[in-house]
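# Summary of structural features
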Amino acid sequence: MSVKICADSVCDLSGELKKRYDISVVPLYVNAGDKSYKDGIEIGQKEVFKHYRETGKLCSTSAVNVEDFRCFFEEQLKGYDELIIITISSEFSTCFQNAKIAAQDFPNVRVVDSRNLSTGEGLVVVSAAKLAAQGLSADEIVAKLADIIPKVDASFFVANVEYLHKGGRCSSIAALGANLLKLKPCIEARDGKMTVVKKYRGSIEKTIQNYVKDRLTDVDVDDNLIFITHTTSAENTALAEKEIKKYKNFKEIDTTDAGCTVACHCGEDTLGILFIRK
């Protein structure tokens, strides 16, 4: 039995990984002013930042609608017996609910809430693809994902709180204090929601070193794959990779640009390491 693994565009998987694991992605919409664009197809993080610099206004994202999901399922099922669609956490978006509604017309479609975002969702998607390659049925894969999802360790630190402030997630006083003290909040996905768990102080280089140490010290990890997902420079991602190798020996370290969801909400100079715990 063949099972097609799919996701929404929030998963932030690279083209190489999507090709390797035969993963198809349905785009969310990114709203810039009075125009909407397909996430990852018509717009990316660079355009999101350009729009903010030129207008002073943030872009926003909109969920995949029910009809888009229906058309996507119909197209992706060609040549497959079953399909699994994995979505951004239902706490962040209506993608999951919309996919569930669309799936009512397809008895061979299963919808999974990743309880995560970005490559935290991507880790669930890759896990599903590996299980599908082993010949498991959709229901068997969904059952195994229920054990994997709570083990995803997903976090980011935000070096510039300007986007959090403009988006109403950080008061003016808090933003001013953070900038003066060079504070960089660390945001972690917990129970499908994002929570500030720590604030780092100092340069971005020092923050990367302390952040990686905190995330990987005394943690038993699945060493197959770790993501460095970011909106920052190549120098910063290279430093993150160097620091990761001090603590754990992952078989694959995949550096990937954060997509529009992270870009819209967290802004530039955001970096996260995302992996699965044992």
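The following paragraphs examine the structure supplied in this document. (Residues numbered from 1 in each chain as written. Predicted model: local features only at pLDDT ≥ 70, side-chain atom pairs only at ≥ 80, totals over all residues. Heavy atoms only, no water.)

### Thoughts on the sheet that holds strand β4 (residues 35-38)
What the 3 strands build is an open sheet, ordered β4-β3-β5; its pairing is antiparallel. Each edge of the open sheet carries a strand with a single partner, namely β4 and β5 (60-62). For this sheet, the mean angle separating the axes of adjacent strands, direction not counted, is 35°. (Pairing = 2+ DSSP bridges. Helix = DSSP H or I, 4+ residues; strand = E, 2+ residues; numbered from the N terminus. Axes fitted to C-alpha atoms, helices over the stretch in contact; angles between N-to-C directions.)

### Digging into the pattern of salt bridges
Side-chain pairs of opposite charge can arise whenever the charged atoms involved come near each other. Throughout the structure, instances matching the rule amount to 19 salt bridges. A salt bridge links D113 to R115, with the shortest nitrogen-to-oxygen separation between them at 3.3 Å. According to the relative accessible area criterion, D113 is buried, its value standing at 13%. Look at R115 and you get partly exposed, because its relative accessible area is 27%. Each member of the salt-bridge network shares a partner with another, and the members are D153, E188, R190, R215 and R277. (Salt bridge = Lys/Arg side-chain N within 4 Å of Asp/Glu carboxyl O. Buried < 20%, exposed > 50% of the residue type's maximum accessible area, 1.4 Å probe, protein only.)

### Considerations on the packing of aromatic side chains
Tallied over the entire structure, the rule returns 6 aromatic pairs. Centre to centre, the rings of F72 and F73 are 6.4 Å apart; their planes meet at 55°, and the pair counts as tilted. Taken together, the ring pairs connect F69, F72, F73 and F106 into an aromatic cluster. (Phe/Tyr/Trp six-rings, centres within 6.5 Å; stacked < 30°, edge-to-face > 60°.)

### So, the sheet that holds strand β9 (residues 183-190)
Pairing is mixed across the open sheet formed by 6 strands, whose spatial order is β10-β9-β8-β13-β11-β12. In this open sheet, the two edge strands, each paired with only one partner strand, are β10 (193-201) and β12 (253-257). In this sheet, adjacent strand axes meet at a mean angle of 20° when their direction is disregarded. Relative to β12, strand β11 (residues 221-230) runs parallel, the two sharing 5 bridges. Considered in β12, the bridge of I226 is made with I253.

### Quick look at the packing of helix α3 (residues 66-76) against helix α4 (residues 95-103)
For the pair α3 and α4, interaxial distance at closest approach is 8 Å and the crossing angle is 55°. Considering the angle they form, α3 stands oblique to α4. You can see that α3 and α4 cross each other, and the crossing is right-handed. Residues V66, F69, R70 and F73 of α3 form the contact with α4, whose participating residues are C95, N98, A99, I101, A102 and A103. Classifying every residue of the contact of α3 with α4 by side-chain character gives 8 nonpolar, 1 polar and 1 charged. (Parallel < 35°, antiparallel > 145°, perpendicular 65-115°, else oblique. Left-handed = near helix turned anticlockwise from the far one by under 90°. Contact = heavy atoms within 4.5 Å. Nonpolar A, V, L, I, M, F, W, Y, C, P; charged D, E, K, R; others polar.)

### A word on unusual backbone geometry
You will see that D12, though not glycine, has its phi angle at about 60°, which is positive. Within the secondary structure layout, D12 lies in the loop between β1 (3-8) and α1 (15-20). Phi angles above zero are rare outside glycine, and R115 is one such case at about 60°. Structurally, R115 can be placed in the loop between β7 (109-113) and α5 (118-133).

### Re the nonpolar core
Grouped together as the largest cluster of nonpolar side chains are 37 residues, with contacts concentrated most on I5, L13, I84, I86, V125, I141 and L145. Element by element, the count of residues in this core is highest for α5, at 8 residues. Excluding residues that lie within four positions of it along the chain, I84 makes contacts with V3, K4, I5, C6, R110, V112, A138, I141 and V142. Of all hydrophobic cores here, the second largest spans 23 residues; its members include V10, L83, V109 and L117. (Core = buried A, V, L, I, M, F, W, Y, C linked by side-chain atoms within 4.5 Å.)

### Quick notes on α5
The terminal C-alpha atoms of α5, which comprises 16 residues, lie 23 Å apart, in line with the 22 Å expected from a rise of 1.5 Å per residue. Of all 16 residues in α5, 14 are buried, a share of seventy percent or more. G135 lies just past α5 and shows a positive phi near 95°. (Expected span 1.5 Å × (residues − 1).)

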